[in-house]
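Close look at the chain arrangement
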Amino acid sequence: MLKSMKKNKNFKVAIVMGSQSDYKTMQLSTKILKKMGIKFETRILSAHRTPKRMYEFASKAEKNNFKVIIAGAGGSAHLPGMIAAITHLPVLGVPIESKKLKGLDSLLSIAQMPKGIPVGTLAIGEDGAINAALLASAIIANYDSGVKKKLNNWRSTQTKSVKKRPK
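Definitions and cut-offs
- Residues numbered from 1 in each chain as written.
- Predicted model: local features only at pLDDT ≥ 70, side-chain atom pairs only at ≥ 80, totals over all residues.
- Heavy atoms only, no water.
- Buried < 20%, exposed > 50% of the residue type's maximum accessible area, 1.4 Å probe, protein only.
- Helix = DSSP H or I, 4+ residues; strand = E, 2+ residues; numbered from the N terminus.
- Pairing = 2+ DSSP bridges.
- Right-handed = clockwise from strand over helix to strand, strands pointing away.
- Core = buried A, V, L, I, M, F, W, Y, C linked by side-chain atoms within 4.5 Å.

**Some details on the pairing of strand 1 (residues 12-17)**
Counting buried positions along strand 1 gives six out of six residues, so the element sits mostly inside the fold. On strand 1, burial covers both faces: Lys 12, Ala 14 and Val 16 on one face and Val 13, Ile 15 and Met 17 on the other are all buried. Inspection of the sheet shows strand 1 paired to strand 2 (residues 39-44) by six bridges, in the parallel sense. By the bridge assignment, Met 17 is partnered in strand 2 with Ile 44. Between the parallel elements strand 1 and strand 2, the chain passes through helix 2 (residues 23-36) in a crossover that is right-handed.

Here it is as structure tokens:
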């Protein structure tokens with residue numbers, strides 16, 4: 001993957017989610033990727049309701065020029081792990097907050113992967129969606145100096161926004 005990433009600067013990130021209701025949270029990932037100038041595509045893929053669609057996406061993700069996959073899922077949250085089992089691309093899992101268990105079920109499902117099938121697990125909900133996009137940006141920044149500059153500027157702006165003294 002490193003060799004192809006160095007040759008091709010047309011990087012894309014996939015943002016996938018288990019259902020339409022997850023988009024409210026996952027849309028935060030899109031906002032960060034736009035700020036970083038990273039191309040992305042969003043898709044609804046359900047490990048349970050659309051397994052063939054999920055398999056087709058994951059098995060062709062590298063061929064379709066994706067470099068990182070951000071997968072948001074709630075409840076049993078199998079989507080990130082199933083995608084990670086099919087592709088060797090980095091998969092960043094975002095647990096979606098659920099009504100019943102406030103996303104703890106999703107977090108545990110995504111974090112408790114068997115050895116050999118890693119998923120980078122982020123925080124539950126909005127913070128996780130934002131951090132997943134920042135982590136995807138950091139991965140791509142290793143190969144794209146434009147993204148690296150935007151990410152450094154974003155972090156610098158964040159640092160400057162912290163007051164030195166309370167008011």
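**Topic: unusual backbone geometry**
Of note in the backbone geometry, Ala 77 takes a positive phi value of approximately 50° without being a glycine. Judged by relative accessible area, which is 3%, Ala 77 ranks as buried.

**Quick notes on the nonpolar core**
Formed by 24 residues in total, the largest nonpolar core has its most connected members in Val 13, Met 26 and Ile 70. Counting residues per element, the ones that place at least two in this core are strand 1, helix 2, strand 3 (66-73), strand 4 (91-95), helix 6 (126-141) and helix 7 (145-160). Here this core gets seven residues from one element, more than from any other, and that element is helix 6. In this structure, Ala 14, Ala 73, Ile 110 and Val 119 belong to the second largest nonpolar core, which totals 20 residues.

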